[in-house]
Amino acid sequence: MTMIPPGLLPEGLSDRLPPQAEASARLARRVLDTVATHGYERVMPPLAEFEDTLTQRLKSMRAQDLVRAVDPVSQRSLALRPDMTAQVGRIAATRLATAPRPLRLSYAGPVIRLKANQLRPEREKLQVGAELIGSDSVAAAVEIVNVAIEALQAAGVSGLTIDFTLPDLIDMLAAGPLPLAADELEAVRTELDAKDAGALVALGPQAAAYLPLIEATGPFHAAMERLEAFNAQLGGAINSRIAGLRAIARPIGWDITLTLDPTERHGFEYQNWFGFSIFAEGFIGEIGRGGSYAILRADGQDEPAIGFSLYPDPLIDAGFGDEAPKRLFLPLGADAIRAAELRAEGWHTVAALVGDEDGATLRCSHWLDGAELRAF
Ligand SMILES: N[C@@H](Cc1c[nH]c[nH+]1)C(=O)O
């Protein structure tokens, strides 16, 4: 029999220890507090749900990568949540179906996937976010992008880059001005993902018409000019998308780097007209993502929505939210009233239990001597 050392967890799952556990809670708190100031109210969906209600609520969400189990009570398939946006969608479509719109909700909690991605081995991640339900207008997008930026800045994250994308652009073009057969569509997507101009042209003239989209990538303003030139060739077929992107970019401060990658689809499985990824200087991979999507309501109608989710674990690993508390040792018999006063001033007290503990070993910087603080 193989011995499993104590404390060993399944691959991709880990404990958060002091001080990162506190830092993680603090960062989530800052984000939630910031979004609350913009009217977003917190919901707490459960860790697991019936698999079908979890995956069928958002249009074009796929049931991939789920950690599943059969519920012995209902005999139905349960899944651990991979993304709280789907749960917020379910809440909005069911229990809050009659709440006034737009409905602004926020959330924070762990999410889990079966497989880790190439960039990070973790299968469990903290997700913190906000969703605006009832609109996916340009005004709603402006609000969501700016609230996401403000929340990250309030948490002390700087050097932000926002990469805009148009998740359903290829579908829209293929169904309209640049027709593609179903099999061609997938091949075009693959080559656009790879940004392989040669391979795209080799697919034939229909596919080659998508070539300008490879060029319309990079720093926002230059890429937008190329996207506008492409739009002009198409007789203005994507006018509304272009106007939307410009309006969303306009209020964003100069301290934020903006980029465009109109065909990026990694991580944008259910988003429709607008999507964005958030990067922070010094971190590989995105630390957040968002966009517009449709929630399926009980009456079969779609409800528009837009939101963002942050994945702050890499920030925590790098020390964000770390604030070493001032720790004070209380020897046996210390003045309880004075200790309470000091706690009210922000000290964390560590009380002796037997009398021979060493406060310095317990990571206290000071000890209470009568009413006085003494440094160790
Ligand atoms: N939940 C999505 C991002 C998102 C939130 N709202 C809309 N999109 C994700 O984590 O990829």
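Conventions we followed
Residues numbered from 1 in each chain as written. Predicted model: local features only at pLDDT ≥ 70, side-chain atom pairs only at ≥ 80, totals over all residues. Heavy atoms only, no water. 1 Å grid on protein atoms, 1.4 Å probe; cavity = no way out; pocket = protein on both sides within 12 Å on 5 of 7 lines; lining within 4 Å. Points joined across faces, edges and corners; volume = space filled by probe spheres on them. Helix = DSSP H or I, 4+ residues; strand = E, 2+ residues; numbered from the N terminus. Nonpolar A, V, L, I, M, F, W, Y, C, P; charged D, E, K, R; others polar. Pairing = 2+ DSSP bridges. Axes fitted to C-alpha atoms, helices over the stretch in contact; angles between N-to-C directions. Left-handed = near helix turned anticlockwise from the far one by under 90°. Contact = heavy atoms within 4.5 Å. UniProt positions renumbered as here; feature names shortened; annotations may be inferred. Buried < 20%, exposed > 50% of the residue type's maximum accessible area, 1.4 Å probe, protein only.

**Regarding empty space enclosed by the protein**
For the structure shown, the criterion picks out one cavity of 30 Å³ or more. By volume, the largest cavity amounts to about 50 Å³. Broken down by element, the residue count for the lining of the largest cavity peaks at three residues, all from helix H6 (residues 182-194). The residue makeup of the lining of the largest cavity, split by class, is three nonpolar, one polar and three charged.

**Description of the pairing of strand E9 (residues 257-260)**
The pairing of strand E7 (residues 160-165) with E9 spans four bridges and is classified as parallel. Paired with Phe-164 across the strands is Leu-260, a residue of E9. Sheet analysis places strand E8 (residues 218-219) next to E9, joined by two bridges and oriented antiparallel. Residue Pro-219 lies in a different strand from E9, and its bridge partner there is Thr-259.

**Things to note about the packing of helix H4 (residues 138-154) against helix H11 (residues 239-249)**
Helix packing for two helices is described by the angle between their axes and how far apart those axes are. Packing of H4 against H11 leaves a shortest axis separation of 9 Å and a crossing angle of 35°. The crossing of H4 and H11 is right-handed. From H4, Val-138, Ala-141, Val-142 and Val-145 reach across to H11, where they touch Gly-244, Ala-247 and Ile-248.

**Here we look at the UniProt feature "binding site: L-histidine" (unreviewed entry) in the chain**
Within this numbering scheme, the UniProt entry marks Asp-83, Met-84, Thr-85, Arg-113, Gln-127 and Glu-131 as carrying the feature "binding site: L-histidine" (unreviewed entry). Set against the largest pocket, the annotated residues named above that line it are Asp-83, Thr-85, Arg-113, Gln-127 and Glu-131. When you line up the elements, Thr-85 lands in helix H3 (residues 84-93). With sequence-adjacent residues up to four places away left out, Thr-85 is seen in contact with Leu-58, Tyr-107, Gln-127, Glu-131, Tyr-270, Tyr-293 and Ser-309. On the secondary structure map, Glu-131 appears in strand E6 (residues 124-133). The exposure class of Glu-131 is buried, given its relative accessible area of 1%. Beyond its immediate sequence surroundings of up to four residues, Glu-131 is in contact with Tyr-40, Thr-85, Val-88, Leu-103, Arg-104, Leu-105, Tyr-107, Tyr-293, Ile-306, Gly-307, Phe-308 and Ser-309.

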